[in-house]
Amino acid sequence: PLFRSAKRVADIMMRLRKDLPKDVETVAPEFDSVVLLDRNVDLLSPLLTQLTYEGLLDELFGVENGRCKFSADKFSGQSEGGGGRVPQQQPENPTKTIMLNSSDDLYAEIRDLNFYAVGPLLNAKAKRIREAFEERHGAKTVGQIKQFVSKLSHIQGIRISLSTYTTVTALLKEKIENSEFIDRVSMEQDVFRAVDVDRIHPFVEQLMCMRAPLANVLRLICAQCTASNGFKQKVYDFYRKEIIQTYGYEHLRTLERLEEAGLYRLQGPKVYNTIRKTMRLTVEDVNEQNPNDLSYVHSGYAPLTARLVQCLTKPEKWRGLEELFKYIPGPTVDRLQELHPSIQKRRGLVPQSGTYENPRLILVVFLGGCTFAEISALRFLAQQEEGQTDFIVATTKLLNGNTFLETLIEPPPLCPM
Amino acid sequence: VEDVFAIGSEHPGAVLFDAYKEFERKSAKADEYIRIIRDGKKLGEAVDQCIAAAGAELEPSYQRLLLRASSFGKCFLDDFDSRHFVDMCHTLRALNAIRDYRIAIPLTMVQFEKMTLATLVDRLILRRHYALAMRICKYMGLSEMEGESRVLAHWACYKVEQRGIDDHDLARQISSKLSDARGISYTDIAEKATECGRRSLAIELLNYEPKAEKQVPILMKMNELSHALQKAIESGDTELVYAVVLRMNESMARRDFLMAMQQSDIAFDLYLQMCRAKDREQLKNLYEMADKKVKKASVCVELSLRSPKVEDKLEELDQARDLYSIAKRSFEAKMTEDEIKLLDHQKMLETKLGVKYVGLSLYETLHRLLIRGSPFAEKLKSQFKVADKRYWWLRIRALTAAKKYNELMVLAKSKKSPIGCEPFFQVVYDNGEGDVHEAKHFVGLLP
C-alpha cells in the first residue's frame, strides 16, 4: 500500500470524472497535463542538502508558510516597508519575521539561485543602486530632478530589500562557512556520484561519536543506503547498533519505520547507477553562477522527480524509458482524459517564431512532500522553455531532509520524575 | 389563427399566407402581396403571426402550411432571428407526437407554455411513456440532468417494481440503458429495489453507483456490511472505511468481526490505527491473532516507551524480547535485553544519585557518569562490551564537557589513545567559543 499513492489518486480522479454532468464537461481544462509523483519515486533528493537560496534558508532557519524568523538584532537600522514587512517592534520581541515570496522582486530573483551565485548578484545590484542614487548629483535641470525623484521611491524600495537580503545572506554564510557543512556537502557529492560511497562510513561514525543530531546522521546514512542499493549485512548491523546505543532504545522503532519506507535496508537490486546514468542525475562541471542545467540545485545532482517532469517537455516524452520505470518503485500509470470535442483546441503555431500560441500548463503534484530545491528545479525548467511551458506545483507538504526524517524519528520515552 | 384565416382579414399574417399560396401556385400575385406587407413594414409581424398561428393549429397539415408561409416571408427579411421559428418547429413536433392517439394528451400551445416542458416530461413519465419522454428531452435540448437522466431513473424504478424479471438480468438491463447517462443516482433506484424487497437487485445496482459516499451508507442500512466495507475500501476514502469498521465493531459478534477485519489489509490497518489510538491491549491481541509477532513486539516496545513507570516498562520489554526471540529477530531481541539491563542500572543510579538516568541511551548514560567521574562507568562499559575506541571518545567528550582540561591533557599525552590525538583537538574546538583557546594546547599534539 505504501508506494501506490499516485496510482490511487489517478484512479479516483478518473472515476470522479465519469460522473460529471455534461455541462461541466465542456469547460476547457486549465492544465494540459497533470503529473502525479509519489515521494517514493525519489527518496534521495530530499535527503541531500539543498543548495538553493530558499532551500538553504529552509534547512538552516526553517521557512514556514512563506515566512522565516531571525533574531532582530542583526537587522537593526532598518526602516519599515520594503522587504521586511514587520509590525512595530516590541522591545521584548527579539525576532524579526520576513515574508518570503515573489511579490518582492529581489527575492523572486534570488530564491531559486544556487547560494554561491547570490552574493555576487547582491553586490552587483548594490553597486547599481549606489550609482543610480549618485545620479542625483548629475541632475541639473528641473526635468532631470523630477525624473530622479520619481525613481527615488523605487530605488528606496530596492535598497531596503537589498539590505534585508544582504543581512540574511550573511546569516546563512555564517552557518555554512564551517568545516562541518563543507565536509558534509562534499560527502554527499561522493554519495550521489556513487564514487567511493563507502568513504562516507568513517565520516558518519565520527558524527555519531560527536553526537551530531540524529536527523543529520540519518540523512547521510539513508543517502548512502540508497546510492549503494542497500547495505551489506555488516554495515547494516553496525549502523543500527550504533544508532540505538548512541541515541537511545526508542530508535528501534525509528529503524523499523525507515525500513518500511525503503530508506534503510539490506542489499537489493542494483538500480541506482542505471537510473543515475539514464536520467543524467549527476552532472560534471556545474556552473553555479550561470547554470545551464537544473542540477545546479544540488551542485551537480538533478532530482529524479525534476528529470521525470523534464521528459514531458520533450517531444518523445517518456518513450524508451519504460525499461527504466521498472527500477523505480511503484506502478507507472499513464492516463488520457478524453476531451469533449468542442474544447479540443489545436495548439496553434505562430508562423514566424515557431513557438506555440498559448503556453501549456503542467500541474505537478508531489504526493508525500517536496523540497524547495525541487521547486526551483522546475522553475528553471520553465525558464529554459522560454514561455512555452509553465509549471504549477502542488504538494502535500514542503519539506527538507530534517523535517522529512523527523516524521519517522521516534520521540524520546516518557520517564518518571 | 383567426387573424390569419379569417376571410378578408387584413392582418399582415393573412396577407403573407395568401402570398404564400399564390407563390405555390406560381402566380405573380405573390409578389404583389409581399410588397403590400413590405411597404407597410409589417413583414416581421407577418412572419411572427404565421408562426404563432402554426402554434395554435392542432392539425399538422395546417401547421406545415403556416410554417412554410412564414418561411417564405423570412426570405425577404434581412435580419430575422430564426430561433423563434426553429423553436416553434421543435415544439410542434413534440406536441404533435403527444397528441397522437396513442399517447392522447391533447395539449394546446397555451397549455403547454403554462405547463412547461419539465412538467410535460413528468406527465409522460407518470404515464410510463418513457421512450417518448427520452426522445422529447433530447430533441428539445433539455439538459441531461433535468431530462434524460430523470426519465431513465424513473424508468428504472418502474422496472424494479415489475416482478417478472429475475434480479440479475434486470440489473444488467438497467445498467446497459443507464451506462451512458450521467448524473443518475443508482442509489435511489437501489433504495426502491430494497423497498420492493429485492435485496440482491439492490446490491447489484449499487455496484454501478460511482459515488462511494452514496453506496456505502445504503449498504450499511441494508446491513450488507461486508459489501459496504469492500466498497468503502475501493473508494479510497478512509472516513468511509472508518465508518463501516465502527459499525461492524458495534453490530457484529466479536469473532466474526475480527475475522472480517483480517480479510482486508486496509481494513485491518485502519482498525489497528483505531486500536492504537484507544485500545493498545486490543492491538496486541490483533497482532497475536494475525500471528504477527514482530508487530506485536513493536507495540510492546511502544507501550514501554509511553509508560512513565519503570516496572511497566520492564514488563512490556520482557514480552517484547520473548516475542522477538520466537520470531528469530536476534538483533531486536538482543537490543531489548540490553535495554532491560540498562533500565535496571538506570533505576538504581537514579535512586542512588538523585539525577535522571532512566530513558537515556547507553552512551549518554556513560557520558553523564564519566562527567561525574563515577567508577560505575567502567562497570557499565565492560558489561555492555563497549568498544575501546568508542569509550575513549566518550571520555574525551565528558572531560571536555566538565572542562577538566588538565585531566584531558594527561590522557592525551599518555599516548594510549586508540583513536589518536585528533579527536582531542576536535572535541575541544567544537565545544564552543570559550574553549577555542584551550584547543590551542592540543594542536601541538597533532602530528
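The structure presented is a predicted model; accordingly, all values stated were derived computationally and were not measured.

Asker: Before we move on, can you summarise the overall build of chain A with the specific residues and values?
Answerer: Scanning chain A for helices and strands turns up 17 helices and 6 strands. Scored against the burial criterion, the 417 residues of chain A give a buried share of 46%. In chain A, the proportion of contacts linking residues at least 24 apart, taken out of those at least 6 apart, comes to 75%.

Asker: An account of the packing of helix H26 (residues 422-430) of chain B against helix H27 (residues 436-443) of chain B is requested, with residue identities and associated values reported.
Answerer: When two helices pack together, you describe them by how their axes are tilted relative to each other and by the distance separating the axes. All names here are of chain B. It is the contact of H26 with H27, at a shortest axis distance of 8 Å, that shows an interaxial angle of 170°. As the angle between them shows, H26 and H27 are arranged roughly antiparallel. Facing H26, whose interface residues are Phe424, Phe425, Val428 and Tyr429, H27 presents Val436, Glu438, Ala439, Phe442 and Val443. Here the residues of the contact of H26 with H27 are counted per class, giving 8 nonpolar, no polar and 1 charged.

Asker: Requested: an account of the confidence of the model for chain B, with residues and values cited.
Answerer: When the pLDDT values of chain B are averaged, the result is 78; 87% of them are 70 or greater. Scored by ipTM, the complex comes to 0.81, with pTM at 0.74.

Asker: Pulling in residues and values, what's your account of the pattern of salt bridges?
Answerer: Any two side chains of opposite charge can pair if their charged atoms end up close together. Residues and elements named next belong to chain A. Scanning the model with the defined rule gives 27 salt bridges over all chains in all. The partner of Arg111 in a salt bridge is Glu54, and the shortest N-O contact between them spans 2.9 Å. Here Glu54 lies in helix H4 (residues 53-60) and Arg111 lies in the loop between helix H5 (105-110) and helix H6 (115-138), a separation of 57 residues in the sequence. Linking Arg199 and Asp190 is a salt bridge whose minimum nitrogen-to-oxygen distance equals 2.5 Å.

Asker: If you had to explain the environment of Glu30 of chain A to someone new, which residues and values would you point to?
Answerer: In this fold, Glu30 of chain A is placed in the loop between helix H2 (22-25) and strand S1 (33-38). Sequence separation between Glu30 of chain A and Ala223 of chain A is 193 residues, and the spatial gap between their C-alpha atoms is 37 Å.

Asker: Tell me about the pairing of strand S3 (residues 67-71) of chain A, and please be specific about residues and values.
Answerer: Residue and element names in this part refer to chain A. Along S3, the buried face is formed by Cys68 and Phe70; none of Arg67, Lys69 and Ser71, which line the opposite face, is buried. As paired strands, strand S2 (residues 63-64) and S3 are joined by 2 bridges and run antiparallel to one another. Within the sheet, the bridge partner assigned to Glu64 lies in S3 and is Arg67. Here S2 folds back onto S3, and the loop between the two strands holds 2 residues, one of which, Asn65, carries a positive phi near 50°. The pairing of S3 with strand S4 (residues 95-99) spans 5 bridges and is classified as antiparallel. Each bridged residue has a counterpart across the sheet, and for Ser71 the counterpart in S4 is Thr95.

Asker: Can you tell me about unusual backbone geometry, naming the residues and giving the values?
Answerer: One non-glycine residue, Arg280 of chain A, adopts positive backbone phi at about 55°. Note on placement: Arg280 of chain A falls in the loop between helix H13 (272-278) and helix H14 (304-313). Its identity as a non-glycine residue notwithstanding, Lys328 of chain B has a phi of 65°, on the positive side. Relative accessible area serves as the criterion here: at 73%, Lys328 of chain B is assigned to the exposed category.

Asker: Can you tell me about helix H15 (residues 238-251) of chain B, naming the residues and giving the values?
Answerer: A turn of α-helix holds 3.6 residues, and therefore any two residues three or four places apart point the same way. All names here are of chain B. Taking 1.5 Å of rise per residue, the 14 residues of H15 would be expected to cover 20 Å, and the 20 Å separating its terminal C-alpha atoms lies within 8% of that figure. Buried within H15 are the following residues: Leu240, Val241, Val244, Val245 and Met248. The arc that holds every buried residue of H15, seen down its axis, measures 130°, which confines them to one face. Exposed positions of H15 whose direction lies more than 90 degrees from the buried face are Glu239 and Glu250.

So, how was this worked out
Residues numbered from 1 in each chain as written. Chains lettered and ligands numbered in written order. Predicted model: local features only at pLDDT ≥ 70, side-chain atom pairs only at ≥ 80, totals over all residues. Heavy atoms only, no water. Helix = DSSP H or I, 4+ residues; strand = E, 2+ residues; numbered from the N terminus. Buried < 20%, exposed > 50% of the residue type's maximum accessible area, 1.4 Å probe, protein only. Contact = heavy atoms within 4.5 Å. Axes fitted to C-alpha atoms, helices over the stretch in contact; angles between N-to-C directions. Parallel < 35°, antiparallel > 145°, perpendicular 65-115°, else oblique. Nonpolar A, V, L, I, M, F, W, Y, C, P; charged D, E, K, R; others polar. pLDDT = per-residue confidence, 0-100. Salt bridge = Lys/Arg side-chain N within 4 Å of Asp/Glu carboxyl O. Pairing = 2+ DSSP bridges. Expected span 1.5 Å × (residues − 1). Arc of directions from axis to C-beta.

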